[in-house]
Structure formats: C-alpha cells, structure tokens
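# Reading the structure
One letter stands for each residue in the lines below.
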Amino acid sequence: MYRLSCGPRVWAAIAEKGGRFVVDREKCAGCRICEMLCPVDNISVDVYPAFGDSYQQCMRCISLCPQGVIYMPGKKYVTNRTVKAKDLILREEKQ
C-alpha cells in the first residue's frame, strides 16, 4: 500500500470531485470504529461520524464499518475484509 503525500487542499479537491462520505444515520450504531481506524484523524464521532477535510481515501471507514453504513453516493463498492478492524486498532495502539 502506498500513500500520496499531498496537502489538505489537494485532498479536499479530490474529495470534492469524488464526493463526500455519507453515513446512514438510521443504521449507524455509533461504535466509533471508523474514528479509531482513520489514519489521519479525519473522523470524529459525537453521535454519528463527521468527516473533516483531511481525506486520504484509504477507505478503511467504508471497508471496515461493521454495519456497512458509510458510503459515497453514486459509487458502488465491493468490500473484501482481509483484516479485522480490531487487528488494525491493536497494531496502531502498539506503535
């Protein structure tokens, strides 16, 4: 996996072109897994996830949401979970 090194304005432009992530609030459990997994701390959860402007497009939040409630309107996804959210969280806590 590689990550492009860009400033916040570049990622904001990418996010604007590609759309914003949306949360299905009726199905969201507020578990905060998306917040814990975000590598750039772009997600904050009060009751529901809220996204800032520091998108890295890693798609962890979409891929690893237990309820599958985070999506980008107009995009179709196939998620293949080769790792578990708790494994990523534990690995990052150790670092």
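Look a little higher up for the structure.
It should be emphasised that the depicted structure is a prediction, and the values quoted were computed from it without experimental measurement.

### Topic: the overall build of the protein chain
Looking only at helices and strands, the protein chain features four helices and four strands. Secondary structure of the protein chain in N-to-C order comes out as α-β-α-β-β-α-β-α. A sequence separation of at least 24 residues applies to 58% of the contacts in the protein chain between residues at least 6 apart. Counting every atom, the protein chain has about 6800 Å² of accessible surface; 50% of that belongs to carbon and sulfur.

### Some thoughts on the nonpolar core
The biggest cluster of nonpolar side chains holds 15 residues, and the ones touching the most others in it are Phe21, Ile43, Phe51, Cys61 and Ile70. In contact with Phe21, not counting residues within four places along its chain, are Phe51, Tyr55, Gln57, Met59, Cys61, Ile62, Ile70, Tyr71 and Met72. Core analysis: the second largest hydrophobic core is formed by six residues, Ile33, Ala85, Leu88 and Ile89 among them.

### A short note on the side chain of Arg60
Summarising the element assignment, Arg60 is placed in helix α3 (residues 60-64). A polar contact of 2.8 Å, which involves the side chain of Arg60, links it to the backbone oxygen of Leu37.

### Details of the packing of aromatic side chains
The geometry of an aromatic ring pair is captured by the separation of the ring centres together with the interplanar angle, meaning the angle of the planes. As enumerated under the stated definition, the model contains one aromatic pair in all. Residues Phe21 and Phe51 carry aromatic rings whose centres are separated by 5.6 Å and whose planes lie at 75° to one another, so their mutual orientation is edge-to-face. Linking Phe21 in the loop between α1 (8-18) and β1 (22-23) with Phe51 in strand β3 (residues 49-51), this pair joins segments that are 30 residues apart in sequence. We note that Phe21, like Phe51, is buried.

### Section: empty space enclosed by the protein
For the structure on display, the rule yields two cavities of 30 Å³ or more. The computed volume of the largest cavity comes to approximately 120 Å³. Listed by contribution, the elements that provide at least two residues to the lining of the largest cavity are α2 (33-37) and α3. Classifying every residue of the lining of the largest cavity gives 12 nonpolar, four polar and one charged. Looking at the second largest cavity, it is lined by 14 residues, and the ones nearest its centre are Cys28, Cys31, Cys34, Pro49 and Cys65.

### A few points about the side chain of Asn42
Relative to the helices and strands, Asn42 is located in the loop between α2 and β2 (43-45). Asn42 has contacts with Ala50, Phe51, Gly52, Asp53, Ser54 and Tyr55, leaving out every residue within four places of it along the chain.

### Quick word on unusual backbone geometry
Most peptide bonds take the trans form, and the phi angle of most residues other than glycine is negative. With a phi angle near 50°, Asp41 is a residue other than glycine that sits in the positive phi range. One can find Asp41 in the loop between α2 and β2. Phi is positive for Met59, which is not a glycine, with a value near 70°. Inspection of the secondary structure assignment puts Met59 in the loop between β3 and α3.

About the criteria used
Residues numbered from 1 in each chain as written. Predicted model: local features only at pLDDT ≥ 70, side-chain atom pairs only at ≥ 80, totals over all residues. Heavy atoms only, no water. Helix = DSSP H or I, 4+ residues; strand = E, 2+ residues; numbered from the N terminus. Contact = heavy atoms within 4.5 Å. Areas by Shrake-Rupley, 256 points an atom, 1.4 Å probe, with all protein chains shown as cover. Core = buried A, V, L, I, M, F, W, Y, C linked by side-chain atoms within 4.5 Å. Buried < 20%, exposed > 50% of the residue type's maximum accessible area, 1.4 Å probe, protein only. Polar contact = N/O pair within 3.5 Å; in protein donor to acceptor, adjacent residues only side chain to side chain. Phe/Tyr/Trp six-rings, centres within 6.5 Å; stacked < 30°, edge-to-face > 60°. 1 Å grid on protein atoms, 1.4 Å probe; cavity = no way out; pocket = protein on both sides within 12 Å on 5 of 7 lines; lining within 4 Å. Points joined across faces, edges and corners; volume = space filled by probe spheres on them. Nonpolar A, V, L, I, M, F, W, Y, C, P; charged D, E, K, R; others polar.

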